[in-house]
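Architecture at a glance
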Amino acid sequence: MTRLSAFFFIFTMSFFFSQKKDTAVLISEVRIDAYKKPTPFMASTKSVAVVSENLLGLNPPERLLEAVNQIAGARMEERSPASYRISIRGSTLRSPFGVRNIKVYLDDFILSDASGNTYFNVISPRLIDRMEIYKGPESGDYGAVTGGTVLLQTRSSDHLSAGISIGSYGTFEQNLDVAQRKGKHFFELFQNYYQTDSYREQSAVKRKQIYLKDRFTYAPEASLNAVLLLSDLDYETPGGLTLKQMESDRKQARPSAGNLPGAKEQHAGIRNKMILAGISHETAISSHFSHFLLVQGSYVDFKNPFITNFENRFERNFALRTHFNFEKNWDHISLAWRLGFEGGTQNILVKNYNNNKGIQGNPQNFDQLKNNSGFYFLSQKLNFNEKLFTDISVSLNSNSYEWERIYPVSEEGRVKFKKQWLPNIGITYLLGRGFSVRGKAGKGNSAPTSEEIRSSNQEFNADLVPEYGWNKEIGIRKEFGNTVFIEGSYFDFRMKDAIVRRQNESGQEYFANQGNIAQKGVEIFLESKSFNLKNDLFSSFKFRLSGNFYDFKFKNYKQLDNDFSENEVTGVPKTSVSSLFNFVFFKKLSIDYSHYYTSKIPLNDANSVWSESNLVGNIRLGFPVQIDRAQLNVHLQIQNLYNTEYVAGFDINAFGSRFYNPAAKRNFMFGANVKF
């Protein structure tokens, strides 16, 4: 550590410039958007967490893990760079990669497709200005998911910045972000380029992205919003290793085994080009009535050379959302109604070929798949005396799909799932200033996604049915003297017909409904304001702590002759704890010191293989430098400070015990960002 200590000293003493103004406030003081239903955090009936600008600054330029994993109840995993998945109060049973069972919005627009799959990795973390994470079923405004909902928000005020970063493993990132109001228009142009060779063999990444938006406020109570997102993502996939292989060489890609070639030999990877365009309109009809309308479409060109095949997938998506709103306030009562519809359709053409070392060979299967989903929703907010807050909603959800095998034989089918009424009710009561209690109950329903209906084994699984269940929870929020905020919650979610992932001997996946799951948990969150120590050496500090303590178990779960009932749910740690301490020295040097602890994780449904628990530490040093009207923010990030050997994303239930995707050991990122 001698060289590292010397580097810290030289780097620290090289910068004695002005400190960036700390604008952070306690979360109890913020308002949440809740998709155009803004409310103070303390009064919210929802299980919601806010990922602020301060937390987003913890992330290296390619991922959101560090920020998301600071949230109690949320877990983001990285199997390999650019291969991410997110779980909210649950597991990744259904997500070998990608994001499923979680609804994702980008400002007004919908990132999740009609089947429920989200290409979260096409979004550069630099684009996101704020996140809201809603935990558990919401139904109502957000439709049928059992996991949760994520709202990604881009900039809403003037901003001009450019940045560049370099780091370990040939990492390079560049970004430009221009957001400005001109008359009745508010424009944003965001551009990003990222590349890395990465830690392991066969895990290089390149991502190019352009994002354009325009909010045209053509009348005092009316606006027209347009968005265009262009993303080109190309990343290699090294594949999972056995424990013995990982202990032998953590950096290797999946080697050949028997008649199956290795990941490097087959040039395994993902090439995902996506275009999303949409327009939304919002207007006030009268002093109490307003209307919102959204229309969007997207196209995805997806290529996946894999060990056993080369898949081409072409997706066309269309979505619509509309709702009427009514709001009225009296002396002691406020009322808000929303009646609306959201729906989407997805057409997918999938072509599988032999993979001849990264080149398409002879055809295997050609298939067409069409998904349709939608929900009508009605929600009501009724508040009394600014003390009792209620949020009641119900949605009627429908989902169906059609499939057709084009080659080598001709066959077709259609599946229509039973429509589901999903109610949701939440109540919050303010016991005093900065002190509230809440209760919530809701039903969620999550249909199989397109990649579960027609998974990588290239078979249609018409036997899959949606998973569903009821969630009940209670919570408390308390602020102590505008200095410290604490939140605690307990939930009990009973899921029926849970969808789980399987792998065959070739490493191809398929899915099945396997019994029920009982998910019980406690989540805690504690944060402080920034304490001004009035000391030139140690100027100020603040902290946040969060943790979740889970008891997730399979119920009535049998697989052939095996009974897994009462086993721990695969992929879920019982305990996760994160911490973040921010220190400011000399009124100049800002240091973010974070930790992530994860207890051992069951890697298969039989609970016969478990991961090791791990503690990962990161540190980020920031130096704002004022140059005339511009502010230069220079930063150094050290990821995995303690050089921990750990896995950031397991392949659960992997055939041949290839569970392990080793994460990078200690690595560095140095960058500078200029704000004008």
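Residues numbered from 1 in each chain as written. Predicted model: local features only at pLDDT ≥ 70, side-chain atom pairs only at ≥ 80, totals over all residues. Heavy atoms only, no water.

What follows deals with the sheet that holds strand β10 (residues 130-135). Taken together, 5 strands build an open sheet; the order of strands is β3-β10-β11-β7-β8 and the sheet is mixed. The open sheet has two free edges, formed respectively by β3 (48-51) and β8 (109-110), since each of these has just one partner strand. Sheet topology places strand β7 (residues 102-106) next to strand β11 (residues 148-153); 5 bridges connect them, and they run parallel. Note that in β11 the partner of K103 across the bridge is T149. (Pairing = 2+ DSSP bridges. Helix = DSSP H or I, 4+ residues; strand = E, 2+ residues; numbered from the N terminus.)

Of all hydrophobic cores here, the largest spans 67 residues; its most connected members are M131 and L152. For L152, the residues in contact, after removing those within four places along its chain, are V104, Y105, L106, D107, L111, F120, I128, R130 and M131. (Core = buried A, V, L, I, M, F, W, Y, C linked by side-chain atoms within 4.5 Å. Buried < 20%, exposed > 50% of the residue type's maximum accessible area, 1.4 Å probe, protein only. Contact = heavy atoms within 4.5 Å.)

Roughly 860 Å³ of volume is contained in the second largest pocket. Along the walls of the second largest pocket sit 44 residues, with K36, K37, P38, E327 and K381 positioned nearest its centre. Going through the elements one at a time, β2 (39-40), β15 (205-219), β16 (222-236), β17 (269-284), β18 (289-305), β19 (310-329), β20 (333-355) and β21 (360-384) are the ones with two or more residues in the lining of the second largest pocket. It is β20 that provides the largest number of residues to the lining of the second largest pocket, a total of 6 residues. Here the lining of the second largest pocket is composed, by residue class, of 17 nonpolar, 16 polar and 11 charged. (1 Å grid on protein atoms, 1.4 Å probe; cavity = no way out; pocket = protein on both sides within 12 Å on 5 of 7 lines; lining within 4 Å. Points joined across faces, edges and corners; volume = space filled by probe spheres on them. Nonpolar A, V, L, I, M, F, W, Y, C, P; charged D, E, K, R; others polar.)

Evaluation of the coordinates by the stated rule reveals 32 aromatic pairs. On the basis of an interplanar angle of 45° and a centroid distance of 5.9 Å, the ring pair of F538 and F583 is categorised as tilted. Taken as a pair, F538 in strand β32 (residues 538-555) and F583 in strand β35 (residues 575-585) lie far apart in primary sequence, 45 residues in all. In textbook terms, an aromatic cluster arises when at least three aromatic residues are bridged by ring pairs, as seen for F531, F538, F541, F543, F581, F583, F585 and F586. Seen from the ring of Y35, R321 lies directly overhead, with NZ or CZ sitting 4.2 Å from the centre. Of note, R477 hangs over the ring of F41, and the distance from its end group to the ring centre comes to 4.4 Å. (Phe/Tyr/Trp six-rings, centres within 6.5 Å; stacked < 30°, edge-to-face > 60°. Lys NZ or Arg CZ within 6 Å of the ring centre and 35° of its normal.)

Glancing now at unusual backbone geometry. Backbone torsion omega between Y407 and P408 reads 10°, so that peptide bond is classified as cis. Positionally, P408 belongs in the loop between β22 (388-407) and β23 (411-416). Phi at E566 takes a positive value of approximately 75°, unusual for a residue other than glycine. If you check the backbone angles, K587 has positive phi at about 55° while not being a glycine. Positionally, K587 belongs in the loop between β35 and β36 (589-598). The class of K587 is partly exposed, set by a relative accessible area of 44%.

Bear in mind that shape data such as this cannot, by itself, settle questions of function.
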